[in-house]
Amino acid sequence: MKRVIRSIAIILALVFVFVLAACGKKKEPDKVVNKSAAEINEAIKNAWGEDGYGADTEIEKDRLINSFGIDLDKVDDYYAAQNAISSINPDTVIILKVKDGYAKEAVDALNKVYTQAVNYGTLYPFAVAKIMNARLYNEGNYVIYVIGGNAYTGDSEEEEVKFTVAEYEKVDKALEE
């Protein structure tokens with residue numbers, strides 16, 4: 001029971017940190033601009049390698065609009081995929097090149113999606129470190145939402161967090177190149 005309470009406390013603390021980061025300072029890779037969504041996705045896929053990239057199923061347009069809250073009329077280019085078994089693997093990659101003035105709305109919509117992922121992760125604690133370290137980048141007219149990376153196979157929660165942070169740093173670096 002103590003472990004469950006501790007895990008929930010850690011999750012809530014990390015949610016608070018992510019929400020503050022998403023509302024204020026955003027990760028802003030310098031060289032994302034002027035790439036297609038497919039090229040950006042390829043950079044993410046290469047950063048994690050074949051085994052670490054689990055967003056293997058396209059997110060249908062209707063679902064992107066109705067479930068994710070994205071107005072595709074305000075998007076010039078996009079790539080959206082998640083794991084085929086998203087109920088047990090949260091890996092998701094959404095890359096939007098939006099029209100002028102829509103980036104903030106897109107970030108807000110994806111923050112809502114992230115909140116749902118966190119809520120689900122607290123009900124069914126799996127891949128918690130992946131979810132809690134998710135990335136939401138906003139650089140100009142690009143908005144990128146990423147949950148994923150290679151899976152940790154050990155037993156230590158502390159080591160899992162370190163491993164997951166290192167996985168996301170690979171994406172941070174890839175998007176800066």
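Residues numbered from 1 in each chain as written. Predicted model: local features only at pLDDT ≥ 70, side-chain atom pairs only at ≥ 80, totals over all residues. Heavy atoms only, no water.

Moving on, we come to helix α6 (residues 157-176). With 20 residues, α6 extends 29 Å from end C-alpha to end C-alpha; this agrees with the ideal 28 Å at 1.5 Å per step. Taken as a whole, α6 has its buried residues at T164, E167, Y168, V171, D172, A174 and L175. Seen from one end, α6 has its buried residues packed into an arc of 165 degrees, which puts them on one side. Summarising the geometry of α6, the exposed residues directed more than 90 degrees from the buried face are E158 and K173. (Helix = DSSP H or I, 4+ residues; strand = E, 2+ residues; numbered from the N terminus. Expected span 1.5 Å × (residues − 1). Buried < 20%, exposed > 50% of the residue type's maximum accessible area, 1.4 Å probe, protein only. Arc of directions from axis to C-beta.)

Before going further, it helps to spend a moment on the sheet that holds strand β5 (residues 142-147). Sheet architecture is open: 5 strands sit in the order β1-β2-β3-β5-β4, paired in antiparallel fashion. One side of each edge strand has no neighbouring strand; the edge strands of this open sheet are β1 (57-58) and β4 (135-139). Bridge analysis of β1 against strand β2 (residues 75-82) gives 2 bridges, and the strand direction is antiparallel. Its bridge partner lying in β2, E58 is registered against A81. Across the sheet, helix α4 (residues 103-123) touches β3 (92-98), β4 and β5, and the angle it forms with β5 is around 10 degrees. Strands in contact with α6 are β4 and β5; relative to β4, the strand with the most contacts, it is inclined by about 15 degrees. (Pairing = 2+ DSSP bridges. Contact = heavy atoms within 4.5 Å. Axes fitted to C-alpha atoms, helices over the stretch in contact; angles between N-to-C directions.)

Turning next to the packing of helix α2 (residues 37-52) against α6. Two elements in contact, α2 and α6, have axes whose closest approach is 9 Å; the angle formed by their N-to-C orientations is 140 degrees. Put simply, α2 runs oblique to α6. Crossing of α2 over α6 shows right-handed handedness. Mapping the contact onto sequence places I40, A43, I44, A47 and W48 in α2 and E167, Y168, K170, V171, A174 and L175 in α6. (Parallel < 35°, antiparallel > 145°, perpendicular 65-115°, else oblique. Left-handed = near helix turned anticlockwise from the far one by under 90°.)

Moving on to the side chain of N138. Looking at where N138 falls in the secondary structure, it is placed in strand β4. According to the relative accessible area criterion, N138 is buried, its value standing at 15%. A polar contact of 3.3 Å, which involves the side chain of N138, links it to the backbone oxygen of G140. Among the polar contacts listed, one links the side chain of N138 to the backbone oxygen of Y142, at a separation of 3.1 Å. (Polar contact = N/O pair within 3.5 Å; in protein donor to acceptor, adjacent residues only side chain to side chain.)

Residues Y120, L123 and Y124 make up a contiguous nonpolar surface patch of about 330 Å² in total accessible area. Turning to its location among the elements, Y120 is positioned in helix α4. (Patch = residues over 30% accessible without salt bridge, like charges linked within 9 Å, V, L, I, M, F, W, Y side chains within 5 Å. Areas by Shrake-Rupley, 256 points an atom, 1.4 Å probe, with all protein chains shown as cover. Salt bridge = Lys/Arg side-chain N within 4 Å of Asp/Glu carboxyl O.)

Time to look at the packing of aromatic side chains. Taken as a whole and judged by the stated rule, the model has 2 aromatic pairs. Centre to centre, the rings of Y152 and F163 are 5.8 Å apart; their planes meet at 50 degrees, and the pair counts as tilted. Of this pair, Y152 sits in the loop between β5 and α6 while F163 sits in helix α6; the two residues are 11 residues apart in sequence, bridging distant segments of the chain. On the accessibility criterion, Y152 (26% relative accessible area) is partly exposed. Take F163: its relative accessible area is 28%, and that puts it in the partly exposed class. (Phe/Tyr/Trp six-rings, centres within 6.5 Å; stacked < 30°, edge-to-face > 60°.)

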